[in-house]
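Observations on the model geometry
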Amino acid sequence: MPVFEFRCLECGNLFEKLFLDTREKADIACPQCRARTFERVISKTNYVMGVGKDGKKPKVTTRSCSPGSTCATIEFPGPGE
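Residue positions are given per chain, counting from 1 as you read along its sequence in written order. Local features in a predicted model are, by the rule used here, given only for residues with pLDDT of at least 70; side-chain atom pairs are given and counted only at 80 or more, and totals for whole chains, interfaces and linings are based on all residues. Each side-chain value is derived from all of the structure's non-hydrogen atoms; neither hydrogens nor water enter the calculation.

Our next topic: the sheet that holds strand S2 (residues 14–18). In space, the three strands of this open sheet follow the order S2-S1-S3, with antiparallel pairing throughout. Edge strands, defined here as strands with exactly one partner in the open sheet, are S2 and strand S3 (38–41). Neighbouring strand axes in the sheet, compared pairwise and without regard to direction, differ in orientation by 40° on average. In this analysis, strands are considered paired if DSSP registers two or more bridges between them. What counts as a helix is a DSSP run of H or I of at least four residues, what counts as a strand is a run of E of at least two, and both are numbered from the N terminus. Here strand S1 (residues 3–8) runs beside S2; their pairing, made up of five bridges, is antiparallel. The residue of S2 that forms the bridge with Arg7 is Leu14. To define axes, lines are fitted to C-alpha atoms, for helices over the stretch in contact only, and angles between the resulting N-to-C directions are given on a 0 to 180 degree scale.

Structural data, given as structure tokens:
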């Protein structure tokens, strides 16, 4: 049962949606403003599950994605890194 996180493009609210079945078709709307324009975001984590070759860790780049909120990109080391 996956839980997906979304950001409303109208009000910026972050919200989650639980899917009981991978084939489920959901009617998703922002619970705060009821808008139906949103983007899926990657949930934050507080740990890294390992390191790459030679002890290299994932590279995290943080940027501003809207006033008052930040987005992050995570680059994981590949098998040759």
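Turning next to the state of the cysteines. Only a pair of cysteine sulfur atoms within 2.5 Å qualifies as a disulfide here. Using the criterion set out here, one finds zero disulfides in the structure. The structure places no disulfide on Cys11, whose sulfur is separated from the nearest cysteine sulfur, that of Cys30, by 3.7 Å. In this scheme, a residue with accessible area under 20% of its type's maximum is buried, one over 50% is exposed, and one in between is partly exposed, where area comes from a 1.4 Å probe on protein chains only. Classification of Cys11 by relative accessible area gives partly exposed; the value is 34%.

It is worth spelling out the pairing of strand S5 (residues 69–75) at this point. As paired elements, strand S4 (residues 59–66) and S5 share seven bridges and run antiparallel to each other. Across the sheet, Ser66 pairs through a bridge with Ser69, a residue of S5. In textbook terms, the turn of a hairpin is the stretch between consecutive antiparallel strands, and for S4 and S5 this stretch comprises two residues, one of which, Gly68, has a positive phi near 85°.

Counting seven residues, the largest nonpolar core consists of Phe6, Cys8, Phe15, Phe19, Ile28, Cys30 and Ala35. Any pair of residues with heavy atoms lying within 4.5 Å of one another is described as a contacting pair. Beyond its immediate chain neighbours, meaning those up to four positions away, Phe6 contacts Asn13, Leu14, Phe15, Lys17, Ile28, Phe38, Glu39, Arg40 and Val41. In plain words, nonpolar cores are sets of buried Ala, Val, Leu, Ile, Met, Phe, Trp, Tyr and Cys residues tied together by side-chain atoms within 4.5 Å.

A pairing counts as a salt bridge when a side-chain nitrogen of Lys or Arg comes within 4 Å of a carboxyl oxygen of Asp or Glu. Within this structure, the stated rule accounts for two salt bridges. The shortest N-O distance in the salt bridge between Arg36 and Asp27 comes to 2.6 Å. Taking relative accessible area as the criterion, Asp27 reaches 64% and is therefore assigned exposed.

With respect to the helices and strands, the residue Glu5 is situated in strand S1. Despite its burial, Glu5 pairs with no opposite charge, the nearest such side chain being Arg7 at 7.0 Å. Look past the residues within four positions of Glu5 in its chain and what remains in contact with it is Leu14, Phe15, Glu16, Glu39, Arg40, Val41, Ile42 and Ser43. By the counting rule applied here, Lys and Arg register as positive and Asp and Glu as negative, while His and the ends of each chain are not counted.

Even without being glycine, Arg34 reaches a positive phi, approximately 70°. By the secondary structure assignment, Arg34 is in the loop between S2 and S3.

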